[in-house]
Amino acid sequence: MATRPATLYTSDVLAAATGLAAWPWNDGLPHKGEARSRTCGSALAIGFALNATGHVVDLGIRTHACAIGQAAAFAFAQGAPGRDFADIAAARAALGLWLAGEGDLPAWPGLGVIAKARAYPSRHGAIVLAWDAALEALKR
């Protein structure tokens, strides 16, 4: 069994969670998706506007998640502009491998803040919410 870090909800995690306020929900965004964690019940909705080539130019997030889920969503929001469906899908796949202990932390800006949460499987569902909701939104 892996040794768990002493502190999961660090000041950096809490700062990232509050930083999510920079991307408020916007009903006018045309591409919307939702995701819910089966392990903890956390939920997240995301909306996007895309440019003509399918790259993210605007987004808004509404979340009912723990600080880890919110911090992960903050990292997602920071790195999403300029990315397309393939970029987000590749990052989600890499995130899944990392959470399973089979890969490195994905090269997505800001994800380092939630690195300690890998030792807490009950938080894994909250970590991937933004990517899962984004893929749902961009499939439509």
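Residues numbered from 1 in each chain as written. Predicted model: local features only at pLDDT ≥ 70, side-chain atom pairs only at ≥ 80, totals over all residues. Heavy atoms only, no water.

1. A few points about the overall build of the chain
As a reminder, the rule being used: Numbering of helices and strands runs from the N terminus; a helix is a DSSP stretch of H or I covering at least four residues, while a strand is a stretch of E covering at least two. Note that the radius of gyration is over C-alpha atoms, with the globule rule given as 2.2 Å times the number of residues to the power 0.38. For the exposure calls, accessible area comes from a 1.4 Å probe over protein chains only, and a residue counts as buried if that area is under 20% of its type's maximum, exposed if over 50%, partly exposed in between. Any two residues whose heavy atoms approach within 4.5 Å are treated as being in contact. Each accessible area value is a Shrake-Rupley result obtained with a 1.4 Å probe; residue values ignore everything except the protein chains displayed when judging cover. Two residue types count as positive, namely Lys and Arg, and two as negative, namely Asp and Glu; His and chain ends fall outside the count. To locate a charge, the coordinates of NZ of Lys, CZ of Arg, CG of Asp or CD of Glu are taken.
When helices and strands are tallied, the chain shows five helices and three strands. In terms of overall size, the chain behaves like a compact globule, its C-alpha atoms giving a radius of gyration of 14 Å where 140 residues would be expected to give roughly 14 Å. Relative to its full complement of 140 residues, the chain shows a buried share of 44%. A separation threshold of at least 6 residues defines the contact pool for the chain, and within that pool the share at least 24 residues apart is 64%. Accessible surface, the chain: about 6,800 Å² in total, of which carbon and sulfur atoms supply 53%. With 12 positive and 10 negative side-chain charges, the chain shows a separation of 8 Å between the mean positions of the two kinds.

2. Digging into helix α1 (residues 11–19)
Keep this limit in mind: Starting at the helix axis, one direction is taken to each C-beta atom, and the arc is that of these directions.
When α1 is considered as a whole, its buried residues turn out to be Val13, Ala16 and Ala17. The buried residues of α1 occupy one face: seen down the axis, they fall within an arc of 100°. Set apart from the buried face of α1 by more than 90 degrees, the exposed residues are Ser11, Asp12 and Thr18. Among the structural elements, α2 (67–79) are those in contact with the buried residues of α1.

3. So, the nonpolar core
It is characteristic of soluble globular proteins that their nonpolar side chains tend to be buried jointly. To keep things clear, this is the line we draw: Working definition of a nonpolar core: buried Ala, Val, Leu, Ile, Met, Phe, Trp, Tyr and Cys residues. They are joined through side-chain atoms within 4.5 Å.
Counting residues in hydrophobic clusters, the biggest one holds 46 residues, and the most contacted among them are Ile46, Phe48, Leu59, Phe76, Ile88 and Trp131. Of all elements in the fold, only α1, β2 (43–50), β3 (56–64), α2, α3 (85–99), α4 (121–127) and α5 (129–139) reach the threshold of two or more residues within this core. When residues in this core are grouped by element, the largest group, nine residues, is from α2.

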